[in-house]
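# Observations on the model geometry
One letter stands for each residue in the lines below.
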Amino acid sequence: MPSQAPETTGTHWHCETVDKALELLGASTNGLDAEEAARRLAEHGPNEFASGRRVSKLLLLLSQFTSLLVVILIISAVISLFLGQYIEAIAIIVIVLLAGFLGFLQEYQAGKAIESLKRLAAPTARVIRGGSEKEIPSREVVPGDIILLKTGDMVPADGRLTEAINLKVGEAVLTGESMPEEKHTEPIADQDLLPGDRKNMVHMGTTTTSGRGRAAITATGMGTEFGKIAGLLNKTERERTPLQKNLDTFGKWLGIFAIALSAATAVLGIFRGHSIIEMFIWGVALAVAVIPEALPAVVNISLAIGVRRLVKHHALIRKLAAVETLGATTVICSDKTGTLTQDEMTVRMLYMDGRTFEVTGAGYSPKGEIRENGALLGADELEYLKPALVAGALCNDTILQEQGGEWKVVGDPTEGAFLVLAKKAGIDPAALHNEQPRTQEIPFTSERKRMTTVHTTPEGIIAYSKGAYEVLLDGCSRAVQHGKAVPLTDEIRREIARHAGAMAGQALRVLALAYRSINAAEDPLAAAETGMVFIGIAGMSDPPRPEAREALARCTLAGIRPVMITGDNMDTAVAVAKELGLLKRGCVLTGAEISAMPDDDFDKSIGDIEVYARISPEHKLRIVNALMKKGEIVVMTGDGVNDAPALKRAHIGVAMGITGTDVSKEASDMILIDDNFASIVAAVEEGRSIFDNIRKYLVFLLSGNLATVVAMIVALIAELPLPLVAVQILFINLIMDGLVAIALGVDPPQPGIMERRPRNVKEGIIDAPALYYIAAVGIWIALVTLGPFLWALHASLGPDKAMSIFFATLIFARIFNGFNCRSREHSLFTVGFFGNRWLWLASLVSAAFTLLLLYLTIFHAPFKTVPLGLNEWMVVLPAAFSTFVAVELWKLGRRLLAPVLRH
């Protein structure tokens, strides 16, 4: 053994021969001895992943209470306690603590992706140590170790294969490809290959699906392909959502505005002759009223309601803010296999005897038909196809079974497709195997590219073979023509090749079928693959999901650009994209082309690319970063470990619930329970509705608060009595923030919400139309509230009666405005007068509390209220209701003028 461990980084191991790889590793087929293995373990470290720096739980919790809005709310709570408003203070404190605790839980969960990645490592490994086979903990595997692999084993580290016997490895968790990869030991010349193309290598976390092999370990821990992904996860920062950014900015400016306005108003009151103490308390109450302390609760309640609705659409939200961010989505980067397609291989086309047959149905469910030129085949035609159907079903190691109403295959998906084809034609594969039992077989190898089985049948001994059509043609001397075996002429060969090429051009995987009758005097294995009869060829693919095309069309209508990112080859990706209607401009890019492109060129082209094929983890992250740099709000879907860095980096990471790994789920913001792309579209609609509701809440609250402030300032300037005392301001703030506003936060989605373009996240929560509404309605409510107040003063009803009239008018005007705020464009009668039962309940409860303050004697002294008579209500209610009428007329005018303004 060498005196020091070899340098394993920077070597293209797949390019080296087995002997050269062993030499570079300082290893041999007898493995390392115990002393050398221990030394290498000390030098290279354990075969495990390093975690990023974790913030302590306490600091993470405290960080939730550092934003300016939260600080002001806490100060408001303290002031409310000082003023004796205990209910108000407790409400603020509870809201702040609840919002902070939820934020802590969300961020704490976000740090678990690396821990899930660790769980992918195999717990133990079988290695050769000192010439003997031993089982050791995987963390003790070192470069130069010789590992043993058999069916079902998880690969403990990256290695160069030294032996591969019928070896297939499932690499979906790493590459995203659903089909197991055939492995060999021969060197590969091309240095710049992605992990999925290194057919003589195995990688940590992948699983042996068939055969057996040995490999010399070339990398462990953070040096493996999974380790590189772990490094990316540690370095990748999660993007703050648009909602978080908007709320921070909004809270800061609103807090500053509230303090400045309250201070200025209080100073004005002092100049008008009110006492300093009175104005200080009054100004503080006004500041508390202006700040929407229920905003965190409304946001969280709206998001929580959205989460509950999304569960019905098979979407599970892991982070509340993700729901709203989905509503601003402009680009969805979607994997192909299992998301846009069904992840179930299906025979789509069958060619035999110069005739082409189409197969309907998709996936492993045996529901479907076989047709020719659109016409359904009858019993006689199906009998004609029986040689192909029987050959595909018998030359097969896979089992088709029904579990809980769903059909699944145990084994190779391609072989499962032949079993489903047989079932569609009325043939039971299990019964067929019993009738024609297998006696011998020649297994498939990547070098032979074919598989042959020998069966005892009522017609004698028959060998069936399936594989690459070129290989089977070389072993055939005859072909099926008109139900008989005829000589295989050059013309027939050319016709077969032409149809095989046509199928491949449609990105179908092409396999051929053949058979041979064996005489009793012949050696079955020796004779099986010579002089065979060519039956035909089958073209198969992983079909698109039926609902995917409609979902993609809805994305386009909503102004969202879908992009396919897959590890599959370009031909397959392009064919699926065309079938789904996704490929409109024909812009396709491969991972190799991305690697060759400078950043500037890639950034310029990012807006045109519709399909990415043969993509690595680094490419996915680069794509997401380029899109985000362009200002896009990016959703990234994925299921494999290779998707995790991009899932974490994107604004919204969407993991697959069925096929997704723990790593992808932990790195994601949302999990699709059904792995269905259409569920993302439903989530986008819900996200848009949630943002609308948060905006409705703020528009309602700020327009009402503005009305209060404007009315107060006008009263001070006009040297009128103060229309409200501090405790009345706080009461109005409590019922408006705590009841009516929160009810708006759970409003149902508006009509046509998915027919408009994504909102511009740079506009913020309060856009220009919202500002116009707040100003106009706020001034209107102030005027219609001051009107009854002035009427009461001039009618000599007394300051207490006038104040109570102002108090009641303001509350009812704001309640009517709550119904106005359900939609800025549509009439309340269009969106549904009773569409939000919570708003009705909140309005009734708010009105009831107001009446209690006006008519129960116990509240008169502390709240400075007096009862109102019928004459006063005849003034108050029409004035308040005018708010609803004015806004409805304004909406009607906008709808009538809209066509004129467009032209």
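## Description of the overall build of the protein
Of the regular secondary structure elements, the protein holds 34 helices and 28 strands. Here the protein, with 903 residues, has 55% of them falling under the buried criterion. A separation threshold of at least 6 residues defines the contact pool for the protein, and within that pool the share at least 24 residues apart is 71%. On the protein, roughly 37,500 Å² of surface is accessible, and the fraction owed to carbon and sulfur atoms is 60%.

## Brief notes about helix 32 (residues 837–855)
Given a rise of 1.5 Å per residue, 19 residues ought to cover 27 Å, and the 27 Å separating the end C-alpha atoms of helix 32 matches this to within 8%. Inspection of helix 32 places Leu 839, Ala 842, Ser 843, Ser 846, Ala 847, Thr 850, Leu 853 and Leu 854 among the buried residues, and these make up the whole buried set. For helix 32, the arc enclosing every buried residue in end-on projection is 130 degrees, short of the 170-degree limit, so these residues lie on one face. Facing away from the buried side of helix 32 by over 90 degrees, the exposed positions are Arg 837 and Leu 844. Where helix 32 starts, the residue carrying a side-chain oxygen 3.1 Å from the main-chain nitrogen of Trp 838 turns out to be Asn 836.

## Focus: the pattern of salt bridges
The full count for this structure, using the stated rule, is 32 salt bridges. In this structure, a network of salt bridges that share partners links the residues Glu 36, Arg 39, Arg 40 and Glu 43.

## Brief notes about unusual backbone geometry
The phi torsion at Asn 373 lies on the positive side, around 55 degrees, for a residue other than glycine. Along the polypeptide, Asn 373 turns up in the loop between strand 12 (370–372) and strand 13 (375–376). At Lys 449, a residue that is not glycine, the phi angle is positive and equals roughly 60 degrees. In this structure, Lys 449 sits in the loop between strand 16 (438–442) and strand 17 (450–457). Lys 449 gets classed as partly exposed once you look at its relative accessible area, which sits at 44%.

## As for helix 30 (residues 799–820)
At 3.6 residues per turn, the α-helix brings residues three or four places apart onto the same side. Counted at 1.5 Å a residue, the expected span for helix 30 with its 22 residues is 32 Å, and the 31 Å between its end C-alpha atoms agrees. Counting buried positions along helix 30 gives 19 out of 22 residues, so the element sits mostly inside the fold.

## Here's the deal with the nonpolar core
Core analysis: the largest hydrophobic core is formed by 58 residues, its most contacted members being Phe 700, Leu 724, Met 736, Ile 766, Phe 807 and Ile 811. The leading source of residues in this core is helix 30, at 11 residues.

## Topic: the confidence of the model for the protein
Across the protein, the average pLDDT comes to 82, with 81% of residues at 70 or higher. Contacts for the low-pLDDT stretch residues 1–5, under 50 throughout, to residues beyond four places or in other chains number 17 contacts. Segment residues 109–122 is flagged for pLDDT under 50; beyond a separation of four residues in sequence, or across chains, it makes 39 contacts in the model.

## Section: the packing of helix 14 (residues 386–394) against helix 15 (residues 413–424)
Where helix 14 contacts helix 15, the axes come no closer than 8 Å and their chain directions differ by 140 degrees. In terms of axis orientation, helix 14 runs oblique to helix 15. Considering how the two elements wind past one another, helix 14 and helix 15 form a crossing that is left-handed. Along its contact with helix 14, which presents Leu 389, Gly 392 and Ala 393, the element helix 15 presents Phe 418, Leu 419, Leu 421 and Ala 422. Class assignment of the residues belonging to the contact of helix 14 with helix 15 gives a composition of 6 nonpolar, 1 polar and no charged.

## With respect to the environment of Thr 456
Mapped onto the elements of the fold, Thr 456 is located in strand 17. Residue class for Thr 456 comes out partly exposed when judged on its relative accessible area of 39%. For the pair Thr 456 and Gln 440, spaced 16 residues apart in the sequence, the C-alpha separation amounts to 9.7 Å.

## Some points on the packing of aromatic side chains
Across all of its chains, the model carries 10 aromatic pairs by this definition. Every member of this aromatic cluster is reached through a ring pair, and the members are Phe 819, Phe 829, Phe 833, Phe 834 and Trp 840. Taking NZ or CZ as reference, Arg 622 lies 4.8 Å from the ring centre of Phe 602, over its face. Stacked on the ring of Phe 700, the Lys or Arg Arg 814 has its end atom at 5.9 Å from the ring centre.

## A short note on the sheet that holds strand 8 (residues 315–317)
The pairing of strands in a sheet comes from backbone hydrogen bonds and takes either a parallel or an antiparallel form. Spatially, 8 strands are ordered 8-28-27-26-9-23-25-24 in an open sheet, and the strand pairing comes out mixed. Two strands lie at the open edges of the sheet, namely strand 8 and strand 24 (588–590), each paired on one side alone. The average angle at which neighbouring strand axes cross in this sheet is 20 degrees, direction not considered. Here 2 bridges tie strand 23 (residues 561–565) to strand 25 (residues 611–613), and the two strands are oriented parallel to one another. Bridge pairing links Met 564 to Val 611 in strand 25.

## Overview of the pairing of strand 26 (residues 634–638)
Along strand 26, 5 of the 5 residues are buried, which leaves the element largely enclosed by surrounding structure. Here strand 26 shows no split at all, with Val 634, Met 636 and Gly 638 on one side and Val 635 and Thr 637 on the other all buried. Of the strand pairs in this sheet, strand 9 (residues 331–334) and strand 26 are connected by 3 bridges, and their pairing is parallel. Residue pairing for strand 26: Val 331 is matched across the bridge by Val 634. Looking at chain direction, strand 26 and strand 27 (residues 652–656) are connected through 4 bridges and run parallel. Its bridge partner being in strand 27, Met 636 is matched across the sheet by Gly 653.

## Some points on a nonpolar patch on the surface
A contiguous nonpolar surface patch, about 460 Å² in accessible area, is contributed by Phe 881, Val 885, Leu 889, Leu 892 and Leu 896. Within the secondary structure, Phe 881 is located in helix 34 (residues 870–902).

## A closer look at the packing of helix 27 (residues 677–717) against helix 30
Working note: a packed helix pair is described by the angle between its axes plus the distance between those axes. Interaxial distance between helix 27 and helix 30 falls to 10 Å at its minimum, and their mutual angle equals 155 degrees. The angle between helix 27 and helix 30 places the two elements in the roughly antiparallel class. The element helix 27 and its partner helix 30 pack so that their crossing is right-handed. On helix 30, the residues touching Phe 700, Leu 701, Ser 703, Gly 704, Asn 705, Ala 707, Thr 708 and Ala 711 of helix 27 are Phe 806, Leu 810, Arg 814, Asn 817 and Gly 818.

## Thoughts on the environment of Lys 466
Mapping Lys 466 onto the fold places it in strand 18 (residues 460–467). Sequence separation between Lys 466 and Thr 453 is 13 residues, and the spatial gap between their C-alpha atoms is 9.2 Å. With sequence-adjacent residues up to four places away left out, Lys 466 is seen in contact with Cys 395, Asn 396, Glu 415, Phe 418, Arg 450, Met 451, Leu 472, Ala 512 and Leu 513. Here Cys 395 takes part through its backbone oxygen, which lies 2.8 Å from a polar atom of the side chain of Lys 466. Here Glu 415 takes part through its side chain, which lies 2.8 Å from a polar atom of the side chain of Lys 466.

## Looking at the side chain of Asp 158
Checked against the element boundaries, Asp 158 lands in strand 4 (residues 158–170). Notably, Asp 158 is buried but unbridged: the nearest opposite-charge side chain belongs to Arg 198, and the N-O separation is 6.2 Å. Here Glu 225 takes part through its backbone nitrogen, which lies 2.9 Å from a polar atom of the side chain of Asp 158. Here Asp 158 is in contact with Val 202, His 203, Met 204, Ala 216, Ile 217, Thr 218, Ala 219, Thr 224 and Glu 225, once residues within four sequence places are set aside.

## Points about the pairing of strand 27
Burial analysis of strand 27 places 5 of its 5 residues in the buried class, which makes it a mostly covered element. Residues Ile 652, Val 654 and Met 656 of strand 27 are buried on one face, and the alternating residues Gly 653 and Ala 655, pointing to the opposite face, are buried as well.

Rules and cut-offs
Residues numbered from 1 in each chain as written. Predicted model: local features only at pLDDT ≥ 70, side-chain atom pairs only at ≥ 80, totals over all residues. Heavy atoms only, no water. Helix = DSSP H or I, 4+ residues; strand = E, 2+ residues; numbered from the N terminus. Buried < 20%, exposed > 50% of the residue type's maximum accessible area, 1.4 Å probe, protein only. Contact = heavy atoms within 4.5 Å. Areas by Shrake-Rupley, 256 points an atom, 1.4 Å probe, with all protein chains shown as cover. Expected span 1.5 Å × (residues − 1). Arc of directions from axis to C-beta. Polar contact = N/O pair within 3.5 Å; in protein donor to acceptor, adjacent residues only side chain to side chain. Salt bridge = Lys/Arg side-chain N within 4 Å of Asp/Glu carboxyl O. Core = buried A, V, L, I, M, F, W, Y, C linked by side-chain atoms within 4.5 Å. pLDDT = per-residue confidence, 0-100. Axes fitted to C-alpha atoms, helices over the stretch in contact; angles between N-to-C directions. Parallel < 35°, antiparallel > 145°, perpendicular 65-115°, else oblique. Left-handed = near helix turned anticlockwise from the far one by under 90°. Nonpolar A, V, L, I, M, F, W, Y, C, P; charged D, E, K, R; others polar. Phe/Tyr/Trp six-rings, centres within 6.5 Å; stacked < 30°, edge-to-face > 60°. Lys NZ or Arg CZ within 6 Å of the ring centre and 35° of its normal. Pairing = 2+ DSSP bridges. Patch = residues over 30% accessible without salt bridge, like charges linked within 9 Å, V, L, I, M, F, W, Y side chains within 5 Å. Lys, Arg positive; Asp, Glu negative; His and termini not counted.

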